[in-house]
2 protein chains.
Amino acid sequence: MSSTSNKEVRFSKIPTTYPFPGEHLTVSETNIDLDAPLKEGEFLLKLLVLSVDPYMRARMRDPSIKSYFPPFSVGKPMNGGTVSVVVKSNNDKFKEGDIVTGFSNFQEYTLGTKETAPAFEVRKEPKENGIPLTNFVGILGMPGLTAYAGLLRYGKPKEGETLYISAASGAVGQIVGQLGKVLGLYVVGSAGSDDKVEYLKEIGFDDAFNYKTAGDLTTKLAEVCPKGIDIYFENVGGKMLEAVINNCNAFGRIVACGMISQYNLEKPEGIHNIMQVVTKRLRIEGFIVSDSADMEQDFRRDMIKWISEGKIKYRETVVDGIEATPQAMIDMLQGKNFGKQVIKVADL
Amino acid sequence: MSSTSNKEVRFSKIPTTYPFPGEHLTVSETNIDLDAPLKEGEFLLKLLVLSVDPYMRARMRDPSIKSYFPPFSVGKPMNGGTVSVVVKSNNDKFKEGDIVTGFSNFQEYTLGTKETAPAFEVRKEPKENGIPLTNFVGILGMPGLTAYAGLLRYGKPKEGETLYISAASGAVGQIVGQLGKVLGLYVVGSAGSDDKVEYLKEIGFDDAFNYKTAGDLTTKLAEVCPKGIDIYFENVGGKMLEAVINNCNAFGRIVACGMISQYNLEKPEGIHNIMQVVTKRLRIEGFIVSDSADMEQDFRRDMIKWISEGKIKYRETVVDGIEATPQAMIDMLQGKNFGKQVIKVADL
């Protein structure tokens, strides 16, 4: 019996504000025997790519607080979106060398069983279309479907309308904006650095601004959205949401995907102009991507087409090694990443 | 030529908090010659009933502030929902003795013209069904349609769900609650006095409470809505809205009809838990009754049926004389009325 090191990312302590690497999120080493025989239905996966996303902050909570997604368990491995390769298999669904996407533990090797098999899907596209593996936790994964379902199902866009996106260079925002252009909208985005603003203009946003240097946000939005805002793709919350409400047109739709500016505050900011929801007949609607699983096939078909036609580009920040995960998570929560934050754990 | 006194209610000054009778709202006397011959298309109306409603507070604003409803003009008569009788007519649409509902100036006599005729509608129901005239600015008027459209079109109720209504004994709230019972919902309401709470239980609410003596609203709502809130018919805003969000079930709908607790504040209260819109997939949607004019015929048919079957009752506070209007308005804004606040200007 040979023993191989199997590193994993653990949730170690519940944070009150930002989580810190080494305190709340740690990397630990266990061991695995890669030569052990597989029982009926078992399969062994080697992790290639893992995804850190803003929603994961909400899972780092006291388990007594109910929410849509189960909390992480202290002392256990974190889990989330992954891309892996099948090392060996005693399960008909998988064969050696298959690329699988899934929702699984953040550990270098995972032993799958009959029971956990449904959480993994064999994907042909990496070999057929040459699409990078990291895309499968990004533009072709959960963030991509979030953008697609959020804008189409909840935003209900009409040609010529103005779409404004906060955190617009992020994993979801950059897709929403380019999708908006495909649909004939006037698209405006904000981000937290001049580099990111430049990137938004490069990928076709009609206008973009750096919210950190913009001054009064209500005034700035009036300037960059001269016809008012019809759809707001909400990723940040707080003062930005207030400024958007001030600039919404009648019947404006606020599609609430996340409110990252509020996740690490002990007391969230107040929204003082919610009364405009009545006077302007606004709709503020929260959504979660898993409610739109029925759109998955349309999403894949459309997105692969738009990517191959060059209509939608996707920027990622890829860091190497599972050890980099805790720092990548905090960087993402603080907006230090540029585009989708991904960890490449191993080469194929 | 004989001259008759024609009293009117004027908007005299823009209030910053509550409007006051004699300062912001005044009663003035002009004169009218009732014997003057009518030109082609003219008709003379005598005012019988006028309506004061919460939305009118929003019209008492600086005209530079845009909103869905035009502001009142300082120095001019106020206007709103009315019931009148035709005194004489030189217009084919109206004949002497007709009862008409309309949107018109708050003055004892109004000279209608070809141009203003479309603002008035002859109503047969008072004579045919014996329905009181005051009902035509209440349960069978704008507040009734507001309740009907708000609950059916925006609340999207499903049998067995929990509906919570604030300002539940008011012009709109009491109808929403009884409508909820017709539709098989669990209906809970709040109001500002024990008398009003008692009334809500009398007309069929499953539970009701006095928000002024309820203590912590989040706790109270958890107690009276043990299965959580699926639909909130929002009339008040502020801390009540926060408490409701805390108690909303996943996919809860907040139908925002008004936020009366905020109308007379210089700085509105902040809503600090709006992030739950994402985690619970809530929808907060504002609406205005005039957008649902297409439901008017269904509304009249259903409501007259339910009233005649005794399924929906309606409580009004009727005060006599056009001079009582300014005080009735402020009483209504302060919640001193009980049910729909109406002014009976003259007998038929």
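Numbering of residues starts from 1 in each chain and follows the order in which that chain's sequence is written. Going through the entries in the order they are written, you letter the chains from A and number the ligands from 1. In view of the model being predicted, local features appear only for residues whose pLDDT reaches at least 70, and side-chain atom pairs are presented and counted only at 80 or more, with totals across whole chains, interfaces and linings using the full set of residues. Each side-chain value is worked out from all heavy atoms of the structure, with water and hydrogens disregarded.

### So, the confidence of the model for chain A
Line of reasoning, step 1. What pLDDT reports is the predictor's confidence in each residue, on a scale of 0 through 100. Overall, the predicted model of chain A reaches an average pLDDT of 95, with 100% of residues at or above 70.
Line of reasoning, step 2. Predicted as a complex, the structure gets a pTM of 0.90 and an ipTM equal to 0.89.

### Digging into the relation of the copies chain B and chain A
Line of reasoning, step 1. When the copies are overlaid, the least-squares fit takes in C-alpha atoms only where the residue has pLDDT of at least 70 in both copies. Once chain B has been moved 0.0 Å along the axis and rotated by 180°, it coincides with chain A to within an RMSD of 0.0 Å. On the angle and the small slide along the axis, the relation comes out as a two-fold axis. The rotation axis passes nearest to the C-alpha of Gly270(B) in chain B, at a distance of 2.1 Å.
Line of reasoning, step 2. Mapped onto chain A, 100% of the interface residues of chain B again fall at the interface, so both copies present the same surface. Here a residue-residue contact requires only that any non-hydrogen atoms of the pair lie within 4.5 Å.

### Notes on the UniProt feature "domain: Enoyl reductase (ER)" (unreviewed entry) in chain A
Line of reasoning, step 1. UniProt positions are given in the numbering used here, feature names are shortened, and annotations may be inferred rather than shown by experiment. UniProt's feature table lists "domain: Enoyl reductase (ER)" (unreviewed entry) at residues 22-343 of chain A, given in the numbering used throughout.
Line of reasoning, step 2. A run of H or I in DSSP becomes a helix once it reaches four residues, and a run of E becomes a strand once it reaches two; helices and strands are each numbered from the N terminus. What you have in residues 22-343 of chain A is 27% helix and 27% strand, and the ends, taken at the C-alpha atoms, are 17 Å apart.

### What about the pairing of strand S9 (residues 162-165) of chain B?
Residues and elements named next belong to chain B.
Line of reasoning, step 1. Note on exposure labels: buried denotes an accessible area under 20% of the residue type's maximum, exposed denotes more than 50%, and partly exposed covers the range between, all computed with a 1.4 Å probe on protein chains only. What you see with S9 is no split at all: Thr 162 and Tyr 164 on one side and Leu 163 and Ile 165 on the other are buried throughout.
Line of reasoning, step 2. Of the pairings in the sheet, the one linking S9 to strand S10 (residues 186-191) comprises 4 bridges and is parallel in character. Counted as the bridge partner of Leu 163 is Val 187 from S10.
Line of reasoning, step 3. Handedness of the crossover joining S9 and S10 through helix H4 (residues 173-182) is recorded here as right-handed.
Line of reasoning, step 4. DSSP calls a pair of strands paired once it identifies at least 2 bridges connecting them. Across 3 bridges, the pairing between S9 and strand S12 (residues 229-234) is parallel. Bridge pairing in S12 links Tyr 164 to Tyr 232. With strands facing away from the observer, any crossover in which the path from the first strand over the helix to the second runs clockwise is taken as right-handed.

### A closer look at the sheet that holds strand S4 (residues 76-77) of chain A
Residue and element names in this part refer to chain A.
Line of reasoning, step 1. The sheet built from 3 strands is open, its strands ordered S2-S1-S4 with antiparallel pairing. Each edge of the open sheet carries a strand with a single partner, namely strand S2 (25-32) and S4.
Line of reasoning, step 2. Against the sheet, helix H10 (residues 325-333) engages strand S1 (4-11) and S2, with an angle of about 150° to S2. Axis angles are defined between N-to-C directions and span 0 to 180 degrees, where every axis is a line fitted to C-alpha atoms and, for a helix, only to the segment in contact.

### Comments concerning the interface of chain B and chain A
Line of reasoning, step 1. Tallying the contact residues gives 30 residues for chain B and 30 residues for chain A.
Line of reasoning, step 2. Carbon and sulfur atoms supply 65% of the area that chain B and chain A bury against each other, a total of about 2,600 Å² over both sides.
Line of reasoning, step 3. The buried area of a pairing is the accessible area, by a 1.4 Å probe, that goes missing from both parts when the two are put together, added over both. Three residues stand out in chain B for area buried against chain A, namely His272(B), Val278(B) and Arg281(B), and they jointly supply 23% of the buried area on that side.
Line of reasoning, step 4. Should a side-chain nitrogen of Lys or Arg be within 4 Å of a carboxyl oxygen of Asp or Glu, the pair is scored as a salt bridge. Joining chain B to chain A, the criterion identifies 4 salt bridges.

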